[in-house]
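# Descriptive analysis of the structure
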Amino acid sequence: MKLELKCKACGHQEPVYIQYKCPKCGGIQEVSYEWTEETEAEIKSWNNNDDNSFWSYRRLYPIQPASIPVSLGEGNTPILPLKRLGERLGLSDWELKNEAVSPSGSFKDRPMAVASTFAIERHISTLVTASTGNTGVSASMYAARAGLRCKIYVPATTSREKLALIKYFGAEIVTIEGNFSEAYLLAKKDAADNDWFNVTSTFMNPIALEGNKSVAYELFRQKKTVPDWVIVPIGAGPLLVAVYKGFKELKRAGVITALPKMAGVQAAEVAPIVQAFQEGASEVTAWKRSFQTAAGGIADPLLTYPQDGTCTLQTIRESKGCALSISEEVMLYHRKVLAETEGIFLETASVTAISAAVELKEKGFADADDDIVSVGTGNGLKDMSSL
Ligand SMILES: [Zn+2]
């Protein structure tokens, strides 16, 4: 199977190997697959496949056919109708893709399963990442499962539960007295100096991000239709971009004809992508203001890599979607209402996807009968101290 990395900026393409930006222009890369009739036939067969596991979609992961997956039972998360919450908040056709039930409690298990499988394939010894918590917990679990070493750079503000878990799974942890962007630079240098695999969940690692596309494959398979809107909480936004890529692959294979609109949601305290969207800017600029938010998982000012935000902004615009920001007060209110009306406990960063569904209707982006899916990216149980 021919696998290549293609630059999203200049189109330069070369075989997959471990690199984190285009060698020609420094742009963000994505994995490109050899696309044949056989590829399309296999994608079309997914709907009739008895196997609905994460690895049933491996034809579109950058993994060799003979590789044994590193797996903890990731993916295949439920889609839950939000009927009672919808009645309370005035929304009818609304569902939650509940990533909170993933092995580590967040969607990050999807990219980590692919990244650790790839690392074993390529005889890489160590996963290294910068993390606000969820990536770190997931990386430490998958590294343990795969027998890899793991080193995590975290801001000192990371929740105590997440830090405790990362340590418990045996990863080396480096705490930074600064924000995520500073942890990002240190992880980047460490990976480059030691030939380790950098699995930081920005657009850094195009291999890992391919795992996120499975959210799109599963959504179509579970709903048997394409939702009008998919709402994704975004820091830099790689999940949003990957989910849209997944839908585009289904369309290219002739499985679906329409694509969803993508809504990216940020905390109002740190919302560089929303700001660029609202200003009609073509590029995202880094968020220089100080901030404090309960939505730690998406609190990314994009210092030193605003181009990652631009990549997400472009996808939002391509999909005719929108970017929304949510105040602290509103997200905390919805966290409680979601728990009380549906019995679902999401971490605060993920609840922004709930709040954004209400905003979509109120601000007139979505029509009254639009079918909306909120992606609940992470579990509240790792964020208990914030209660
Ligand atoms: Zn390039």
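Above: the structure in question.
Below or above, wherever it landed, is the structure these notes cover. (Residues numbered from 1 in each chain as written. Predicted model: local features only at pLDDT ≥ 70, side-chain atom pairs only at ≥ 80, totals over all residues. Heavy atoms only, no water.)

Turning to the sheet that holds strand β6 (residues 126-130), a few remarks are in order. One key point about sheets: their strands pair by backbone hydrogen bonds, in either a parallel or an antiparallel sense. Taking strand neighbours across the sheet as the criterion, the 4 strands line up as β8-β7-β6-β9 in an open arrangement whose pairing is parallel. On the outer flanks of this sheet lie β8 (172-176) and β9 (197-198), each paired with one strand and no other. In the sheet, β6 pairs with strand β7 (residues 149-155) via 5 bridges, with the strands oriented parallel. Note on β7: the bridge partner recorded for Leu127 is Cys150. (Pairing = 2+ DSSP bridges. Helix = DSSP H or I, 4+ residues; strand = E, 2+ residues; numbered from the N terminus.)

Protein coordination at the zinc ion: the donors are Cys7 (SG), Cys10 (SG), Cys22 (SG) and Cys25 (SG), at 2.3 to 2.4 Å from the metal. In this structure, the zinc ion is surrounded by 4 donor atoms whose angles at the metal cover 101 to 115°, and the resulting shape is tetrahedral. Spacing between the donor residues of the zinc ion along the chain follows C-x2-C-x11-C-x2-C. Overall, the relative accessible area of 3% leaves Cys7 in the buried class. (Donors = N, O, S within 2.8 Å, 3.2 Å for Na, K, Ca; no water. Tetrahedral: all angles 85-135°; square planar, octahedral: opposite > 155°, others 65-115°. Buried < 20%, exposed > 50% of the residue type's maximum accessible area, 1.4 Å probe, protein only.)

Most of helix α8 (residues 214-223) is tucked away: 9 of the 10 residues are buried. Buried residues of α8: Ser214, Val215, Ala216, Tyr217, Glu218, Leu219, Phe220, Arg221 and Lys223, and no others. Considering only its buried residues, α8 is in contact with β4 (79-81), β5 (94-98), α3 (109-121), β10 (229-233), α9 (238-252) and β13 (372-376). Among the residues trailing α8, Lys224 stands out with phi positive, at a value near 65°. (Contact = heavy atoms within 4.5 Å.)

What follows concerns the pattern of salt bridges. Under the criterion given, the structure shown has 19 salt bridges. The salt bridge involving Lys248 is made with Glu318; its shortest N-O contact spans 3.0 Å. One end of the pair, Lys248, is in helix α9; the other, Glu318, is in helix α11 (residues 306-318), with 70 residues separating them in the sequence. When its relative accessible area of 34% is taken as the criterion, Lys248 is described as partly exposed. (Salt bridge = Lys/Arg side-chain N within 4 Å of Asp/Glu carboxyl O.)

For the rest of this paragraph, the subject is a nonpolar patch on the surface. The grouping of Leu381, Met384 and Leu387 at the surface amounts to a nonpolar patch, some 320 Å² of accessible area in total. The residue Leu381 is located in the segment after β13 in this model. (Patch = residues over 30% accessible without salt bridge, like charges linked within 9 Å, V, L, I, M, F, W, Y side chains within 5 Å. Areas by Shrake-Rupley, 256 points an atom, 1.4 Å probe, with all protein chains shown as cover.)

Further remarks concern the sheet that holds strand β3 (residues 29-33). A sheet is described by the order of its strands in space; here 3 strands give the open sequence β2-β1-β3, paired in antiparallel fashion. Of all strands in the sheet, those bounded by a partner on one side alone are β2 (13-15) and β3. Within the sheet, the average angular offset between the axes of one strand and its neighbour, ignoring direction, is 35°. Where strand β1 (residues 3-7) and β2 come together, 3 bridges link them in antiparallel fashion. Counterpart to Glu4 in the pairing with β2 is Pro15. (Axes fitted to C-alpha atoms, helices over the stretch in contact; angles between N-to-C directions.)

As far as function goes, none of this settles anything; it's purely spatial.
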